[in-house]
Amino acid sequence: MTIHAIHEGKAPEAAETPKTIMEDEFLNLQDIVSVKRETAERSLKQVLSEMEELIREKKWEDAVAMFHPADEKLPELAAHGLLVPVREKIGFILGQVKRFDEAIRELGLAIEAAPDNFLLHSSLAYAAYNSLYAAKNREIFLSGKIRDERIKLAHRHFEIAQILRPEGVTNFYREGMLFKQLEDKPEKALPLFEAAVANWDKLDPAGKEARHQERKNFIKALFQLAGTLLKVNRAKEALQALKRCLAEDEQSCHISLLFKYYALGKVNFHLGQFGPARDALLFAIQCREAGPKDFIFELLARTYLALENPAKAMEIIQKVPEKRRRPYYRWTEADVYCAVGDLQGAKNVLAGSLAHDARSKHKTLIKLAKIEYLLRNFQASRQHALEAGRFFHEKWGNVYGDGLFWQALNAFQLNEREAALNLARELKELIPYYPKLDRLLQKLEQEELPI
């Protein structure tokens, strides 16, 4: 066609496409004619800018309305395969409004398009992790098989993110929290918290400055490392980790003083250092922070019991209004009453808490069994132990060692030798080193029972 014809506005005649042209996922003929692609890329920049502004202003619902579902709201970007960064941001936004299933779907679609993208795997793991926390806090419902699958999903993408960025901090910390807080597996959490701390420590000053946003999770990993070490009976190492956390977080205060000093009191208590434990807990109570402090008063009361000051323990335990005393608080309250010699007061406390305890009633019943035993009410003591064992089996599907022991001991005191021996032998098979079990078996295996 001539230049004159083009100027007259006539369309060029279509040339025959060579038969040897190769098109694949990396390049096609339309990519060379880049006008539409460039327009879509400019549109993507505009969309991402708008999304970032809405995220800054925390206008979550507005962002969802404008950009979700991305395939429908942004078809021109979908046509050019440009939705990956949009899906990443939409996944985060949907998580903010507790629409976790949709967030996970969006991030999963993004990963299909970019399977080696660290940020996408990290974001999907975080969305799954947050959904589990929301379920724990009863903001959404997840249970049974669905919850198990969600845990597996979070682990899978945390692990991929760790492989893609093994020098990171945040994904090691978060998977540690998944094991520790949501699965109660401190042994599996421990190496992850250690890795998070070690990775931060490997950074030089320039690296720490460049990765400053991860410092908060380094501090949190240190704090959780201390708690996990304590949980696996490594209290001395826990104290070292906690002291380092206090020093590292002195200026930043990423973790509240209340929780840090409560933890310091708890570690010292487990080490038998009751004076330092008391001082740390008294400091924690003085922290002017909102929220409940019953757990601090409870541990402080136990500390005063250890310091052989039951009168002070009684004063402390009364600091929390009675209607706000949870079952674990009632156990220590009962101990305080026992320490001052008021066994009836202890019984009243424990009996009053039974109706409000759906998870740990077996522990309350065993405390009642012990008090009745001291009062030589062996039938009542055995009945409490029997009920404790029955509740534990119904709730958790296992045999309750404490229930067996106190049934056996009361049967012994009631001269029911055969029943006592059978119960004691069952416990021996279940928990061979149960405290004082061998002494009871020794008595039971004598030919004559003491009167």
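Shown above is the structure to which this text applies.
Attention in this report is confined to the structure presented alongside it. (Residues numbered from 1 in each chain as written. Predicted model: local features only at pLDDT ≥ 70, side-chain atom pairs only at ≥ 80, totals over all residues. Heavy atoms only, no water.)

1. Some details on the overall build of the protein chain
For step 1, the next point in the chain: Of regular secondary structure, the protein chain possesses 26 helices and zero strands.
For step 2, the next point in the chain: Over its C-alpha atoms the protein chain spans a radius of gyration of 32 Å, topping by over 25% the 22 Å that the globule rule assigns to 451 residues.
For step 3, the next point in the chain: The principal-axis extents of the C-alpha atoms in the protein chain amount to approximately 125 × 50 × 40 Å.
For step 4, the next point in the chain: Within the span of the protein chain, comprising 451 residues, buried residues form 45% of the whole.
For step 5, the next point in the chain: The long-range share in the protein chain, meaning contacts at least 24 apart out of those at least 6 apart in sequence, stands at 55%.
For step 6, the next point in the chain: Counting only carbon and sulfur atoms, one obtains 53% of the accessible surface of the protein chain, whose full area is about 25600 Å².
For step 7, the next point in the chain: Positive and negative side-chain charges of the protein chain, numbering 67 and 65 respectively, have mean locations separated by a distance of 7 Å. (Helix = DSSP H or I, 4+ residues; strand = E, 2+ residues; numbered from the N terminus. Rg over C-alpha atoms; globule rule 2.2 N^0.38 Å. Buried < 20%, exposed > 50% of the residue type's maximum accessible area, 1.4 Å probe, protein only. Contact = heavy atoms within 4.5 Å. Areas by Shrake-Rupley, 256 points an atom, 1.4 Å probe, with all protein chains shown as cover. Lys, Arg positive; Asp, Glu negative; His and termini not counted. Charge placed at Lys NZ, Arg CZ, Asp CG, Glu CD.)

2. Concerning the pattern of salt bridges
For step 1, the next point in the chain: What the rule picks out here adds up to 30 salt bridges.
For step 2, the next point in the chain: Here E106 and R87 are joined by a salt bridge, their closest N and O atoms 2.9 Å apart. Placement of E106 in helix α8 (residues 100-113) and of R87 in helix α7 (residues 84-96) is noted, with a sequence separation of 19 residues between them.
For step 3, the next point in the chain: Exposure remark for E106: the relative accessible area of 0% places this residue in the buried category.
For step 4, the next point in the chain: We note a salt bridge from R425 to E445, for which the minimum N-O separation is 3.9 Å. Remark: E445 occurs in the segment after α26 (437-444) and R425 occurs in helix α25 (residues 417-430); sequence separation between them is 20 residues.
For step 5, the next point in the chain: Overall, R425 belongs to the partly exposed group, its relative accessible area being 45%. (Salt bridge = Lys/Arg side-chain N within 4 Å of Asp/Glu carboxyl O.)

3. Some words on the packing of aromatic side chains
For step 1, the next point in the chain: Enumeration according to the criterion identifies 16 aromatic pairs in this entry.
For step 2, the next point in the chain: Ring centres 6.2 Å apart and planes at 45° place the aromatic pair Y173 and F193 in the tilted group. On the criterion of sequence distance, the pair formed by Y173 in helix α11 (residues 170-182) and F193 in helix α12 (residues 186-202) is long-range, its members being 20 residues apart. Across the pair, exposure class does not vary: Y173 and F193 are buried alike.
For step 3, the next point in the chain: Members of the aromatic cluster, connected to one another through ring pairs, are Y373, F378, F405, W406 and Y434. (Phe/Tyr/Trp six-rings, centres within 6.5 Å; stacked < 30°, edge-to-face > 60°.)

4. Some remarks on a nonpolar patch on the surface
For step 1, the next point in the chain: A cluster of nonpolar side chains, contributed by V399, L430 and I431, occupies part of the molecular surface with about 220 Å² of accessible area.
For step 2, the next point in the chain: Secondary-structure assignment places L430 in helix α25.
For step 3, the next point in the chain: You can call L430 partly exposed: its relative accessible area is 41%. (Patch = residues over 30% accessible without salt bridge, like charges linked within 9 Å, V, L, I, M, F, W, Y side chains within 5 Å.)

5. Examining helix α21 (residues 343-354)
For step 1, the next point in the chain: The end-to-end C-alpha distance of α21, which contains twelve residues, comes to 17 Å, matching closely the 16 Å that a straight helix rising 1.5 Å per residue would cover.
For step 2, the next point in the chain: The complete set of buried residues in α21 reads G345, A346, K347, V349, L350, S353 and L354.
For step 3, the next point in the chain: Of the surrounding elements, those touching the buried residues of α21 are α20 (327-339) and α22 (361-374). (Expected span 1.5 Å × (residues − 1).)

6. Thoughts on the nonpolar core
For step 1, the next point in the chain: In this structure, L120, L178, F193, F218, L225 and L242 are the most contacted members of the largest nonpolar core, which totals 57 residues.
For step 2, the next point in the chain: Put simply, the parts of the chain that give this core at least two residues each are α8, α9 (118-136), α10 (144-164), α11, α12, α14 (215-231), α15 (235-248) and α16 (257-270).
For step 3, the next point in the chain: Once residues lying within four places of it in the same chain are set aside, the contact partners of F218 are V169, V197, W200, D201, R244 and E248. (Core = buried A, V, L, I, M, F, W, Y, C linked by side-chain atoms within 4.5 Å.)

7. Examining the packing of helix α18 (residues 294-306) against α20
For step 1, the next point in the chain: Put simply, α18 and α20 touch, their axes get as near as 10 Å, and they point 25° apart. By the angle between their directions, the pair α18 and α20 is classed as roughly parallel. Helix-helix and strand crossings are classified by hand; for α18 and α20 the assignment is left-handed. Within the contact between the two elements, α18 uses D294, F295, F297, E298, A301, R302 and L305 and α20 uses Y328, Y329, T332, D335, V336 and A339.
For step 2, the next point in the chain: Among the residues forming the contact of α18 with α20, the class breakdown is eight nonpolar, one polar and four charged. (Axes fitted to C-alpha atoms, helices over the stretch in contact; angles between N-to-C directions. Parallel < 35°, antiparallel > 145°, perpendicular 65-115°, else oblique. Left-handed = near helix turned anticlockwise from the far one by under 90°. Nonpolar A, V, L, I, M, F, W, Y, C, P; charged D, E, K, R; others polar.)

8. Some remarks on the packing of α20 against α21
Packed helix pairs are specified by the crossing angle of their axes together with the interaxial distance, meaning the distance between the axes.
For step 1, the next point in the chain: The N-to-C vectors of α20 and α21 enclose an angle of 170°; their axes lie 7 Å apart at closest approach. With respect to their mutual orientation, α20 and α21 come out roughly antiparallel. Judged by the twist between their axes, the crossing of α20 over α21 is left-handed. Contacts between α20 and α21 involve R330, W331, E333, A334, Y337 and C338 from the first element and L343, G345, A346, V349, L350 and S353 from the second.
For step 2, the next point in the chain: In terms of residue class, the contact of α20 with α21 is made up of eight nonpolar, two polar and two charged.

9. What about unusual backbone geometry?
For step 1, the next point in the chain: Cis rather than trans, the peptide bond between H68 and P69 has omega equal to 0°.
For step 2, the next point in the chain: If you trace the backbone, P69 turns up in the loop between α4 (60-67) and α5 (70-73).
For step 3, the next point in the chain: At K98, a residue that is not glycine, the phi angle is positive and equals roughly 65°.
For step 4, the next point in the chain: By the element assignment, K98 lies in the loop between α7 and α8.
For step 5, the next point in the chain: Here K98 falls in the partly exposed class, since its relative accessible area comes to 39%.
For step 6, the next point in the chain: Within the chain, D184 stands out as a residue other than glycine whose phi angle is a positive 55°.

10. A look at the side chain of S123
For step 1, the next point in the chain: Tracing the backbone through its elements, the reader meets S123 in helix α9.
For step 2, the next point in the chain: We classify S123 as buried; its relative accessible area is 16%.
For step 3, the next point in the chain: Not counting the four nearest positions on each side in its chain, S123 is found in contact with E88 and L107.

11. Quick look at the state of the cysteines
For step 1, the next point in the chain: Applying the stated criterion to the full structure yields zero disulfides.
For step 2, the next point in the chain: This cysteine, C245, is not joined by any disulfide, and C253 carries the nearest cysteine sulfur, 10 Å off.
For step 3, the next point in the chain: Looking at the unpaired C287, the closest cysteine sulfur is the one in C253, lying at 10.0 Å.
For step 4, the next point in the chain: Judged by relative accessible area, C287 falls into the buried class, the value being 7%. (Disulfide = S-S within 2.5 Å.)

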